[in-house]
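Structural characterization, general
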Amino acid sequence: MNSADEATPAVFDLARIESETFIQFLDFHATLDSTNDLGLQMANDSLVVAPGLVLTAAQTGGRGRGANRWWSTAGGLTFSVLINPSVVDLPAARHPQISLTVGVAVCEALRQLIPQGDIGLKWPNDVFLNDKKVCGILVEVPPQRRDILVIGIGLNVNNSLKSAPAELQATATSLRDATGQDFELTNILIDILQMLEQRLDWLSASDPQLARRWEEFSLLRGKTVYIDNHQHDIAGICQGIDEEGGLLLRTPSGIERVTHGIVKHFQ
Ligand code: BTN
């Protein structure tokens, strides 16, 4: 554990996180710009131990996919997990499936926590609660270190979207906003990490249950989906997600298989 520069955090029980999860190295900071930025820097250090966890109680400059920012305030959960895919025996061609796998793990952890909630996965990895985004996931490969993946997860927990910019209030939520309850951050983090370990095991074993889970949680089947994938926009009716993680859209010119891009809109 590395938290020498910080007072012992009141909000996290670091010893429990280390003893109850697969994490072998924990780096906690009371505040941090971005856990992914620090995770990417650490990955360039050949001595870094994976699986590792970069955790902060207050992230001030969170990044999202593309040019997006990740809004969070005190009470939110923001962390990055460093994994070495060779440890889980994963060829590089299957790295994109990690996004969906992480999304499934978060969905399953939330389903256990809030059984009455309507939990869904927006391909490839946004997690929704009651039709609003509650969790964002950013998976990055350090430029100098292709054998490490940095999996950033932001989950709105005890923070309220009431203090967020107006455009976010309409589309995002937190566990507290959705349920009226407060949650123990350490417990949720441990639940997510334990589920992540299990689902990464499924991924490395090519377990067919995994694709069934992402299909089960998918919010997009049967919906008209608009994708921005930088080269050209695609719109079509979602036919599902295949076993390799590709999004299948029926377009006027036939079925298109989408492997990257951002869902701008679905209805
Ligand atoms: C998205 O929705 O576009 C992804 C958001 C990812 C946010 C998390 S919070 C922890 C980690 N650190 C970051 O800077 N981003 C990710």
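Scroll up to find the structure this text is about.
Thresholds, definitions, all that
- Residues numbered from 1 in each chain as written.
- Predicted model: local features only at pLDDT ≥ 70, side-chain atom pairs only at ≥ 80, totals over all residues.
- Heavy atoms only, no water.
- Salt bridge = Lys/Arg side-chain N within 4 Å of Asp/Glu carboxyl O.
- Helix = DSSP H or I, 4+ residues; strand = E, 2+ residues; numbered from the N terminus.
- Phe/Tyr/Trp six-rings, centres within 6.5 Å; stacked < 30°, edge-to-face > 60°.
- Buried < 20%, exposed > 50% of the residue type's maximum accessible area, 1.4 Å probe, protein only.
- Lys NZ or Arg CZ within 6 Å of the ring centre and 35° of its normal.

A separate point is the pattern of salt bridges. Close approach of charged atoms allows side chains with opposite charge to pair. All chains considered together, the criterion is met by 14 salt bridges. In this structure, R65 and D126 form a salt bridge, with 3.2 Å as the shortest nitrogen-oxygen distance. Pair noted here: R65 is in the loop between β2 (52-59) and β3 (77-83) and D126 is in strand β5 (residues 126-129), with a separation of 61 residues, a long-range link. Ionic pairing is found between E216 and R111, a salt bridge with its closest N-O pair at 2.6 Å. Pair noted here: E216 is in helix α7 (residues 209-217) and R111 is in helix α3 (residues 96-113), with a separation of 105 residues, a long-range link. Through salt bridges with shared partners, a single ionic network connects E108, R111, R199, R213 and E216.

To continue, consider the packing of aromatic side chains. Under the defined criterion, the tally for this structure stands at two aromatic pairs. Taking the centre distance of 6.3 Å and the plane angle of 70° together, the rings of F128 and F266 count as edge-to-face. On the criterion of sequence distance, the pair formed by F128 in strand β5 and F266 in strand β12 (residues 262-266) is long-range, its members being 138 residues apart. Overall, the relative accessible area of 24% leaves F266 in the partly exposed class. Over the face of the ring belonging to W202 we find R199, whose NZ or CZ atom lies 3.7 Å from the ring centre.

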